[in-house]
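# A look at the structure
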Amino acid sequence: MSMLALAQRPMSSLVRPLAGHAKGGWTRSLCSIGTTKTMQKEANQWEPKTFCVVETGKDEVGTLRKILDCFETHNINLTHLESRLKSFARSGPSFHIDFEGVPDKLETTRFMKELQSINGVVTAEIQPTREVPWFPLNIRDLDLTRETLDGGTDLINADHPGFHDQDYKRRRGDIVALANEYTHGSEIARISYTDDETKTWGAVYSKLKELHGEFACKEFNQIFPSLEKYCGYAPHNIPQLADISDFLNQCSGFSLRPISGLLSARDFLNALAFRVFFSTQYIRHSGNPFYTPEPDCCHELLGHVPLFANPDFADFSQEIGLASLAASDEDIDRLATVYWFTVEFGLLEEEGNIKAYGAGLLSSFGEMEWSCSGAPSEECRISGSVGDLLKPKMEPFDPFVTCNTKYPITTYQPTYFVASSMADAKNRMSRFCDSLNRPFFPQYDSLTQSIRVTRAVKRAPRVSLVALQAEKQKAFFDAQ
Ligand SMILES: [Fe+2]
């Protein structure tokens, strides 16, 4: 699955990741999505935290130690500590501190009084809990985040190969309905694919497999035989999400969730924080097996899935997801851009050769040649609408640069970012995520599949993101 995508390109269903907020109109009531009855608590209810600001009179050695001693004496655990200098040099710094405890409890009030009595402390006051953009706290919250831009079938417009095929639309509607019924913990529906659908899959499978040996990264080629052995990958069989999800879980802790269509960038990235990948189950129209204007099971299963079995790539993807939790719209845009140039269009250097690890490349025979061959044919360049270029530009992967790089969505990429290894990409990504202005630093608890946060925050009410994102996307295309 991908975030918002609209590229009209051969063999690749791509995404235009844009972040945004909701407006009225298209949106559907979230209540109607039908969440399971489950324990829903806020971050501050699971692990209560209090936020206080301690002002000091003078900038002198030892004041912070006395403050920390007070915490130790009361056996209170700090979860976040930040020192801030004042605008004028006449007074000491203030300390912004989050600690474990309930703000309105008597013991907290007593502790705060003692904090205030420390020599050198001017004031110590509890502050209101900060409100941050809504984000999923538990993997079950992803049931609330599957509202798609296209409702599953709205992208079958006049340019879509299935536009005049009523049977295709009906079939697509049936598969989408199953995805809409899915909630966390339930069985992923098994689809009985038709002969026609399997034939389409087989054509794509065989053509791509020819090229993967030459252009896919070693991590991809190492795992692919296991997918054939354990998940039913074969030209004559479309594998089932349920089997693949189980397999990925054993390899890297990743899992798949069926989805009806295109998600907002925020919702899509947020799911990666839980090592969850939203995947479509329907397939492109059989009229042209080598073309799709949107994500379908060929793109997901042949492009995305193999890398999710790799622990380094899984960590890399989750790092993006964790950084997206409660991030600002601007940071969602940056993260979505890095996602575009990595998870969708990333390249690696292997013994002096360029290899693909991005799903947009691995599921597009044309763009695989364009990006990896070093000397793409004229036919290839013309089919990707980059006929005026002889070959793409290769830049070293640096997320601080990548995040601000513009890119086209209706042609092959003129520029790619190349990492020296998957581990290198992961480390660089980690440093980039740490540099973002984050409202808290999240930690994923794999036992409870929940997010722990370092600061006293509460989530703003969830709003639908897809309508405004659709609007931004339209503006983006109108400006092309
Ligand atoms: Fe994708």
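This text gives an overview of the structure that appears in the document. (Residues numbered from 1 in each chain as written. Predicted model: local features only at pLDDT ≥ 70, side-chain atom pairs only at ≥ 80, totals over all residues.)

### Topic: the overall build of the protein chain
A tally of helices and strands in the protein chain yields 17 helices and 16 strands. Residue burial in the protein chain is summarised as follows: out of 480 residues, 48% are buried. A separation threshold of at least 6 residues defines the contact pool for the protein chain, and within that pool the share at least 24 residues apart is 72%. (Helix = DSSP H or I, 4+ residues; strand = E, 2+ residues; numbered from the N terminus. Buried ≥ 20, exposed ≤ 12 C-beta atoms within 10 Å, placed from the backbone. Contact = placed C-beta atoms within 7 Å.)

### A short note on the pairing of strand 10 (residues 347-350)
Both strand 10 and strand 11 (residues 353-356) contribute to a ladder of 4 bridges, which runs antiparallel. By the bridge assignment, Leu 347 is partnered in strand 11 with Ala 356. Linkage of strand 10 to strand 11, two consecutive antiparallel strands, is achieved through a turn of 2 residues, within which Glu 351 is found at a positive phi near 50 degrees. Pairing of strand 10 with strand 13 (residues 415-419) involves 2 bridges; the strand directions are parallel. Along strand 13, the bridge assignment pairs Leu 348 with Ala 419. (Pairing = 2+ DSSP bridges.)

### Digging into the nonpolar core
With 109 residues, the main nonpolar core has Leu 269, Phe 308, Leu 335 and Ala 356 as its most contacted residues. Ranked by the residues each element gives to this core, the list is headed by helix 11 (residues 329-344), at 8 residues. For Leu 335, the contacting residues outside a window of four places in its chain are Leu 269, Ile 320, Ala 323, Ser 324 and Ala 327. (Core = buried A, V, L, I, M, F, W, Y, C linked by C-beta atoms within 7 Å.)

### Some thoughts on helix 7 (residues 241-252)
For helix 7, built from 12 residues, the straight-helix expectation of 16 Å at 1.5 Å per residue is met to within 8% by its first-to-last C-alpha distance of 16 Å. Those residues of helix 7 that are buried lie in contact with helix 6 (218-230), strand 7 (255-258), strand 8 (276-279), helix 9 (297-308) and helix 10 (311-324). Note on helix 7: the residue one or two positions beyond its end, Gly 253, has a positive phi of about 85 degrees. (Expected span 1.5 Å × (residues − 1).)

### Focus on the sheet that holds strand 12 (residues 393-396)
Backbone hydrogen bonds are what pair the strands of a sheet, in a parallel or an antiparallel way. Within the open sheet, the 4 strands sit side by side as 11-10-13-12. Their pairing is mixed. Strands with a single pairing partner mark the edges of an open sheet, and in this sheet they are strand 11 and strand 12. Direction aside, neighbouring strands of the sheet carry axes that sit 40 degrees apart on average. (Axes fitted to C-alpha atoms, helices over the stretch in contact; angles between N-to-C directions.)

### Structural notes on the pairing of strand 13
The pairing of strand 12 with strand 13 spans 4 bridges and is classified as parallel. Paired with Glu 395 across the strands is Phe 417, a residue of strand 13.

### Section: the sheet that holds strand 3 (residues 78-84)
Strand order in the open sheet formed by 4 strands is 3-4-2-5, with antiparallel pairing between adjacent strands. The open sheet has two edge strands, strand 3 and strand 5 (121-127), and neither has a second partner. Taking the axes of each pair of neighbouring strands and ignoring which way they run, one obtains an average angle of 15 degrees across the sheet. Here 6 bridges tie strand 2 (residues 49-56) to strand 5, and the two strands are oriented antiparallel to one another. Counted as the bridge partner of Glu 55 is Thr 123 from strand 5. In this fold helix 2 (residues 63-73) packs onto strand 2, strand 3, strand 4 (94-100) and strand 5, with an angle of close to 15 degrees to the strand it touches most, strand 4.

### What about the packing of helix 10 against helix 11?
Packing of helix 10 against helix 11 brings their axes to within 10 Å, and their N-to-C directions diverge by 170 degrees. When the axes of helix 10 and helix 11 are compared, the pair comes out roughly antiparallel. Residue-level contacts link Ser 317, Ile 320, Ala 323 and Ser 324 of helix 10 to Ile 332, Leu 335, Val 338, Tyr 339 and Val 343 of helix 11. The class makeup of the residues in the contact of helix 10 with helix 11 is 7 nonpolar, 2 polar and no charged. (Parallel < 35°, antiparallel > 145°, perpendicular 65-115°, else oblique. Nonpolar A, V, L, I, M, F, W, Y, C, P; charged D, E, K, R; others polar.)

### Structural notes on unusual backbone geometry
Look at Arg 275: it is not a glycine, yet its phi comes out positive at around 55 degrees. Relative to the helices and strands, Arg 275 resides in the loop between helix 8 (265-272) and strand 8. One non-glycine residue, Glu 351, lies in positive phi territory at about 50 degrees. Here Glu 351 is to be found in the loop between strand 10 and strand 11.

### As for the environment of Arg 257
Within the secondary structure, Arg 257 is located in strand 7. Between the alpha carbons of Arg 257 and Ile 188 there is a distance of 7.5 Å; along the sequence they are 69 residues apart. In this view, Arg 257 contacts Leu 142, Tyr 182, Val 276, Phe 278 and Ser 279; residues no more than four positions away in its chain are not counted.

### A closer look at the environment of Leu 348
The residue Leu 348 is located in strand 10 in this model. C-alpha of Leu 348 to C-alpha of Ala 425: the two residues are 77 residues apart in sequence and 8.8 Å apart in space. Excluding residues within four positions of it along the chain, Leu 348 makes contact with Cys 217, Lys 355, Tyr 357, Val 418, Ala 419, Ser 421 and Met 422.

### Remarks on the environment of Asp 296
Within the secondary structure, Asp 296 sits in the loop between strand 9 (291-292) and helix 9. Here the alpha-carbon distance between Asp 296 and Thr 280, two residues 16 residues apart in the chain, equals 5.6 Å.

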